[in-house]
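# Examination of the molecular architecture
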Amino acid sequence: MEPALDEVPAIDAAAFKAVLGRFCSGVTVITALDDGHPVGFACQSFAALSLDPPLVSFFPARTSTTWPRIRRVGRCCVNILADHQDELCRRLGGRGPDKFAGVDWTPSANGAPRLGGALASIDCELHDEVDGGDHTVVIARVTGLTEHSDASPLVFYRAAFERLAQR
């Protein structure tokens, strides 16, 4: 029998971040068009979930002010960033009244911003949400896929952006 969650030993937050920071991930920006205005947030917690049906998952923080706007729209675009887009990621990962000022984007098939220079984009409709502690686990159904570039991806490792060695 497994122990109840409240019986599991406490895990030090700094140790948790240090250990899990050794897991390398790609970097995405989740976007939508809310009342004609582009909105989005940087997200390195993204994964393919299911092939049949085609589902992906991502995990916005509960403190996000952008996620409720995307949830309200009900559809989004996952933009997979290229290795030269670290500044764009920082900009869209921050807060501010108009993070998209001067950002190169075009509407995807579902109307969400498709970022210029991204490696690929994935159009989605929101499917489900699950409580994930201080984050929300979002499950989205894939409605369209587009590859844009063969450039190297932007990678996040040990709390910093990294680039893959050239092949």
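Please read all numbers here as calculations on a predicted model, not as lab measurements.

The subject of this paragraph is the overall build of the chain. In terms of helices and strands, the chain carries three helices and twelve strands. Here the chain has a C-alpha radius of gyration of 17 Å; the compact-globule value for 167 residues is 15 Å, and the two agree. Relative to its 167 residues, the chain shows a buried fraction of 36%. Counting contacts in the chain only where the partners sit at least 6 residues apart, residues at least 24 apart contribute 65% of the total. In the form shown here, the chain has an accessible surface area of approximately 10,100 Å², with 56% of it arising from carbon and sulfur atoms. Where the 16 positive side-chain charges of the chain centre and where its 21 negative ones centre are 5 Å apart.

A few words on the UniProt feature "domain: Flavin reductase like" (unreviewed entry) in the chain. Using the residue numbers shown here, the UniProt feature "domain: Flavin reductase like" (unreviewed entry) corresponds to residues 20-163. Annotated as 11% helix and 49% strand, the span residues 20-163 places its first and last C-alpha atoms 19 Å apart.

Here is a general trend for soluble globular proteins: nonpolar side chains tend to be buried in one another's company. Within the largest apolar cluster, 16 residues are counted, with the highest numbers of intra-cluster contacts made by Ile 30, Phe 41, Phe 58, Trp 67, Ile 70, Cys 76 and Cys 124. Contributions of two or more residues to this core are made by strand E2 (28-34), strand E3 (37-43), strand E5 (55-58), helix H2 (67-73), strand E6 (75-80), strand E9 (120-132) and strand E10 (135-147). In contact with Cys 124, not counting residues within four places along its chain, are Val 56, Arg 75, Cys 76, Val 78, Asn 110, Ala 140, Arg 141, Val 142 and Thr 143. Core analysis: the second largest hydrophobic core is formed by eleven residues, Val 27, Cys 89, Leu 92 and Leu 115 among them.

With that out of the way, let us pick up the environment of Ala 61. Within the secondary structure layout, Ala 61 lies in the loop between E5 and H2. Residue class for Ala 61 comes out partly exposed when judged on its relative accessible area of 25%. The spacing of Ala 61 and His 135 is 74 residues in sequence and 4.2 Å in space, taken between C-alpha atoms. Ala 61 has contacts with Asp 134 and His 135, leaving out every residue within four places of it along the chain.

Summed over the entire model, instances satisfying the criterion amount to zero disulfides. Cysteine Cys 43 is unpaired, with the sulfur of Cys 89 as its nearest cysteine sulfur at 9.5 Å. You can call Cys 43 buried: its relative accessible area is 5%.

For the rest of this paragraph, the subject is a nonpolar patch on the surface. On the surface, a nonpolar cluster with roughly 420 Å² of combined accessible area is contributed by Ile 11, Phe 16, Val 19 and Leu 20. Note on placement: Leu 20 falls in helix H1 (residues 13-20).

Turning our eyes to something else, we now look at the pattern of salt bridges. For the coordinates displayed, the defined rule picks out seven salt bridges. Across the pair Arg 69 and Asp 34 runs a salt bridge, and its minimum N-O distance is 2.8 Å. On the criterion of sequence distance, the pair formed by Arg 69 in helix H2 and Asp 34 in strand E2 is long-range, its members being 35 residues apart. In this structure, Glu 87 and Arg 90 form a salt bridge, with 3.0 Å as the shortest nitrogen-oxygen distance. Of this pair, Glu 87 and Arg 90 both sit in helix H3 (residues 86-93), three residues apart, which is roughly one turn of that helix. In this structure Arg 90 comes out as partly exposed when scored by relative accessible area, which is 43%. Salt bridges linked by common partners bring Asp 86, Glu 87, Arg 90 and Arg 163 together as one network.

Criteria and cut-off values
Residue positions are counted from 1 within each chain, in the order its sequence is given. Where totals are concerned, whole chains, interfaces and linings use all residues; where local detail is concerned, this predicted model gives features only for residues with pLDDT of at least 70, and gives and counts side-chain atom pairs only at 80 or more. Just so you know, side-chain values use all the structure's heavy atoms and leave hydrogens and water out. The helix count covers DSSP runs of H or I at least four residues long, the strand count covers runs of E at least two residues long, and both are numbered beginning at the N terminus. Within these notes, the globule rule equals 2.2 Å times the number of residues to the 0.38 power, and the radius of gyration is based on C-alpha atoms. Here the term buried applies to any residue with accessible area under 20% of the maximum for its type, exposed to any over 50%, and partly exposed to those in between, with areas from a 1.4 Å probe on protein chains only. The contact rule is simple, with two residues in contact once any of their heavy atoms fall within 4.5 Å. Accessible surface is estimated by sampling points in the Shrake-Rupley manner with a 1.4 Å probe; for residues, cover comes only from the protein chains shown. Counting rule for charge: Lys and Arg are taken as positive, Asp and Glu as negative, and neither His nor the chain ends is counted. Where a charge lies is defined by one atom per residue type, namely NZ (Lys), CZ (Arg), CG (Asp) and CD (Glu). UniProt positions are given in the numbering used here, feature names are shortened, and annotations may be inferred rather than shown by experiment. The set of buried Ala, Val, Leu, Ile, Met, Phe, Trp, Tyr and Cys residues whose side-chain atoms join them within 4.5 Å is what this entry labels a nonpolar core. Cysteine sulfurs are considered disulfide-paired once they come within 2.5 Å of each other. Without a salt bridge and with relative accessible area above 30%, a residue can belong to a patch; like charges are then joined within 9 Å and nonpolar side chains (Val, Leu, Ile, Met, Phe, Trp, Tyr) within 5 Å. Salt bridges are counted wherever a side-chain nitrogen of Lys or Arg sits within 4 Å of a carboxyl oxygen of Asp or Glu.

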